[in-house]
Each structure stands twice: as structure tokens, then as C-alpha cells.
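# An overview of the molecular structure
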Amino acid sequence: MPGKSTFSKTEQLITELCNLPDFEYTAEQMWEYVKMTDVKIKAPSSKTSKPRHTSAYSMFLHEHKKGMDDTTELSKTWNEMKEANNEEYKRFVEMAEEKDKEKGLDSSDGAKTQSQSQEKKLQIELIKARAEGSEDEDKPIFSGKKVDSPTNNYKEWKKSQLGHPTTYTFSRKDLVAYQEEDNFDKKNMDGMEWDNYIRENMLFLEDI
């Protein structure tokens, strides 16, 4: 009986890791990391019979990744961009779709993402419509989740302080530096300048 191939062993390991409750990466992300190593893995013919869809995350890694030691920071940056659904995130979605077109594939891989994006756009339009004509009409919109999160309130406050648009995404390095400078506490914001910043200064999805 032949032994397991390197592909099968790697696939099994990734599956087991992703099943761990505290493991922070997806199977897709893990395969992207494997591709960046010197390990040569040949997928079974049944898995390579047709071109694979390109993910927005793989395009992000291709543009930003320098080595294996920046994996954690890039993953956190990506998750923040994805949650905010900002212009930079949408740029990578579009890049992935263009790559799929070059392969002769449709954009079904991005269908879920596009659906989520359209849903969020609709929610934002509803917020604008509800605020129209009120004293809150000109407030910026927070389109993320967890409006009472100290981290989210700090980020929005800091963007305002620095004159950045709400769609701006801090690099992990800059965010950590700012947080240390401002004595940020991720568990408590009572009495801080960013305390309830989102609720007091922005419109948000809960408003609908």
C-alpha cells in the first residue's frame, strides 16, 4: 500500500490546524503560505484539472508579503480591511476578479464577497436616508461591527484626530505605536477621549 503523498500530508495537517478552536488562519490562507515556501507539492491530477479561482487575500499577500515572519501582522491587517470593507479591500477583490477573467473563469469566487458588499452598501444608504434632514445628516458613517468596542472607538477617534477619512486603514505597526502613545487599554475606554466616540460622533449600522 503506497504511503501518503506530500500533498495529502500537508492537506491533513492544515485541516487539523484549522479545526483547532483558537487557530486564527483559514485553510485558504495556510495554502497561500505553503506556496511561499521552498516545499514542492504536487496536487493530485483531479485537483489540477482546471484553473482555480484567485482569492482577494492571495492578491493582498502577493503585494505585501516579504517573508514568513510577517504572517501574523498581515493577517490582522487583512481581517481589519475585510471587516471595514474599505476601498483598499475592494481593490484586492477587483484584482482577484481580473485575474479570474485572465484564466477564463467567471467571478463566482467573489460572488459571496460582492453580495456582502452590496448588502453593506444598501445598509449605508438606509442610514443616510434615515438621517437626511436631521442634525446628524453630516455625520460620518461607521460601517463596521461592535460599535462599543474600545478598539473600534479608538481607531475612529484617531482617524479624526489625524485627519484621515473613515475608510483609512492603519498599518499594524502604526496602530500599535499610536496606542502606546495614547495609553490605550483594549478592555476599558472610560474617561478617555475616544470613549463612546462612535455613538456620539458617527452614524452606524445599528441605527437602522
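The structure we're discussing is the one just above.
The sections below set out a description of the structure shown in this document. All values reported here derive from a predicted model rather than from experimental measurement. (Residues numbered from 1 in each chain as written. Predicted model: local features only at pLDDT ≥ 70, side-chain atom pairs only at ≥ 80, totals over all residues. Heavy atoms only, no water.)

## As for unusual backbone geometry
In the Ramachandran plot, asparagine 183 falls in the positive-phi region, its phi being about 55° despite a non-glycine side chain. Following the sequence through the fold, asparagine 183 ends up in the loop between helix 8 (172-181) and helix 9 (197-201). Phi angles above zero are rare outside glycine, and asparagine 196 is one such case at about 55°. With respect to the helices and strands, asparagine 196 occurs in the loop between helix 8 and helix 9. (Helix = DSSP H or I, 4+ residues; strand = E, 2+ residues; numbered from the N terminus.)

## Things to note about the nonpolar core
Counting 19 residues, the largest nonpolar core has Phe60, Trp78 and Phe92 as its most contacted members. If you list the elements that add at least two residues to this core, you get helix 1 (6-18), helix 2 (27-35), helix 3 (56-64), helix 4 (71-84) and helix 5 (87-102). Considering each element in turn, this core owes the most residues, 5 residues, to helix 3. Counting 13 residues, the second largest nonpolar core, distinct from the first, contains Met189, Trp194, Ile198 and Phe204. (Core = buried A, V, L, I, M, F, W, Y, C linked by side-chain atoms within 4.5 Å. Buried < 20%, exposed > 50% of the residue type's maximum accessible area, 1.4 Å probe, protein only.)

## Section: helix 7 (residues 150-162)
For helix 7, built from 13 residues, the straight-helix expectation of 18 Å at 1.5 Å per residue is met to within 8% by its first-to-last C-alpha distance of 18 Å. Every buried residue belonging to helix 7 is among Pro150, Asn152, Asn153, Tyr154, Lys155, Glu156, Trp157, Lys158 and Lys159, and all of these are buried. Tucked into the core, helix 7 has its buried residues touching helix 4, strand 1 (141-142), helix 8 and helix 9. One or two steps after helix 7, the chain reaches glycine 163, where phi turns positive at roughly 80°. (Expected span 1.5 Å × (residues − 1). Contact = heavy atoms within 4.5 Å.)

Distances and angles like these do not, on their own, reveal function.
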